[in-house]
Amino acid sequence: MRSRPSPSAQRRPARSGISSAARLPVAWLPTAVLVAGLMAACTTAPSEPPGAIPAMPDGVTAPEEYAFGDDTAARDLRATDPVYYALAEQVDRERLHTRPLVLDTAVDVAEVREAYDAELAGDRGWEALPLQPGDDAWAQGWLSPDGEDAFALVGLEPGPGETHVSLTVLTTLPDEVSG
């Protein structure tokens, strides 16, 4: 029968310097720092969520439901149809959807267009996309640098006495508003 060594004989002689329990974290430290740095670089949120619909400038609001009657809806449809079909040739038709907005007629349309252009073309690098709306309307569109996304505005020209008009967004972007 073999005798068991005494507990003191089973102990290993102490090594000089750092114990093995303390060496493990030190050995992994450079790797942990590298992994943490890469994760931070990959998960840092951009200042503008990619793919968010631009914030609405002054004079543009998003109603809970369509804010106009049947006559305006018919005008709106005639104005947006040509733009929809032009965009459908550029991007995935399945992702293309509309978002009805309301534009105050006291607001300068050029300022609204410039505000969207500053964010899309200026900040995001999207290119202008020439669009031709139906009668009595104006349109302005943009295409993302990768050609995957589009954003277009179609606004009705105000009729006599109208204080608000329909402003329709046609886009492939998710229906969330940035900043």
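Given the structure is predicted, the values throughout are model-derived calculations rather than measurements. (Residues numbered from 1 in each chain as written. Predicted model: local features only at pLDDT ≥ 70, side-chain atom pairs only at ≥ 80, totals over all residues. Heavy atoms only, no water.)

Colleague: Quick question: what am I supposed to make of helix H4 (residues 109-123) here?
Modeller: Note that an α-helix has 3.6 residues per turn; residues three or four places apart therefore point the same way. Along its 15 residues, H4 runs 20 Å from first to last C-alpha, staying within 8% of the 21 Å computed at 1.5 Å per residue. Of all the positions in H4, only Val-112, Tyr-116, Glu-119 and Leu-120 are classed as buried. The elements touched by buried residues of H4 are strand E1 (60-61), strand E2 (97-104), strand E4 (137-143) and strand E5 (150-156). You can read the cap of H4 off the contacts: a side-chain oxygen lies 3.1 Å from the backbone nitrogen of Ala-110, and it is on Asp-108. A positive backbone phi angle near 75 degrees is found at Gly-125, which sits one or two residues after H4. (Helix = DSSP H or I, 4+ residues; strand = E, 2+ residues; numbered from the N terminus. Expected span 1.5 Å × (residues − 1). Buried < 20%, exposed > 50% of the residue type's maximum accessible area, 1.4 Å probe, protein only. Contact = heavy atoms within 4.5 Å. Polar contact = N/O pair within 3.5 Å; in protein donor to acceptor, adjacent residues only side chain to side chain.)

Colleague: Please explain the environment of Phe-151 as it appears in this structure.
Modeller: You can see Phe-151 is positioned in strand E5. Sequence separation between Phe-151 and Thr-172 is 21 residues; the distance between their C-alpha atoms is 6.9 Å. The residues contacting Phe-151, other than those within four sequence positions of it, are Ile-53, Pro-54, Tyr-116, Leu-120, Trp-126, Gln-140, Gly-141, Trp-142, Val-169, Leu-170, Thr-171 and Leu-173.

Colleague: Explain the nonpolar core here, please?
Modeller: Most often, soluble globular proteins have nonpolar side chains that are buried together. Grouped together as the largest cluster of nonpolar side chains are 32 residues, with contacts concentrated most on Val-83, Leu-87, Tyr-116, Phe-151 and Leu-153. Secondary-structure elements contributing two or more residues to this core are helix H3 (70-88), E2, H4, E4, E5 and strand E6 (164-171). Discounting residues that sit within four places of it in the chain, Tyr-116 has contacts with Pro-54, Ala-55, Met-56, Pro-57, Val-60, Leu-101, Trp-142, Phe-151 and Leu-153. (Core = buried A, V, L, I, M, F, W, Y, C linked by side-chain atoms within 4.5 Å.)

Colleague: Sorry, what's going on with the sheet that holds strand E3 (residues 127-129) here?
Modeller: Two orientations exist for strands paired in a sheet by backbone hydrogen bonds: parallel and antiparallel. The six strands lie next to each other as E1-E2-E6-E5-E4-E3, forming an open sheet whose pairing is antiparallel. Two strands bound the open sheet, and with one partner strand each, they are E1 and E3. Bridge analysis of E1 against E2 gives two bridges, and the strand direction is antiparallel. Bridging from a neighbouring strand, Val-60 pairs with Leu-103 of E2. Each of E3, E4, E5 and E6 is contacted by H3, which is oriented at about 150 degrees to E5, the strand it contacts most. Each of E1, E2, E4 and E5 touches H4; the most contacted strand, E4, lies at about 10 degrees to it. (Pairing = 2+ DSSP bridges. Axes fitted to C-alpha atoms, helices over the stretch in contact; angles between N-to-C directions.)

Colleague: So what exactly am I meant to see when it comes to the environment of Thr-105 here?
Modeller: Within the fold, Thr-105 resides in the loop between E2 and H4. When the C-alpha atoms of Thr-105 and Pro-158 are compared, they prove to be 6.8 Å apart, with 53 residues separating the residues in sequence. The contacts of Thr-105, once residues within four sequence positions are left out, are Pro-158, Glu-162, Thr-163, His-164 and Val-165. Here Glu-162 takes part through its backbone oxygen, which lies 3.1 Å from a polar atom of the side chain of Thr-105.

Colleague: Hey, could you run me through the side chain of Thr-80 in this one?
Modeller: By secondary structure assignment, the location of Thr-80 is in helix H3. Once residues lying within four places of it in the same chain are set aside, the contact partners of Thr-80 are Val-154, Thr-168 and Leu-170.

Colleague: Just to check I follow, could you spell out the pairing of E4 for this structure?
Modeller: Here is the key point about a regular strand: its side chains alternate between the two faces of the sheet. For E4, a buried count of seven out of seven residues is recorded, marking the element as mostly surrounded by other parts of the structure. Neither face of E4 is open: one carries Ala-137, Ala-139, Gly-141 and Leu-143, the other Trp-138, Gln-140 and Trp-142, and all of them are buried. Here three bridges tie E3 to E4, and the two strands are oriented antiparallel to one another. Bridged to Glu-127 within E4 is Leu-143. Sheet topology note: the E4/E5 ladder contains seven bridges and is antiparallel. The partner of Gln-140 across the bridge, within E5, is Leu-153. In this structure, the hairpin formed by E4 and E5 is closed by a connection of six residues, where Gly-147 is found at a positive phi of approximately 75 degrees.

Keep in mind these numbers describe shape, not what the thing actually does.
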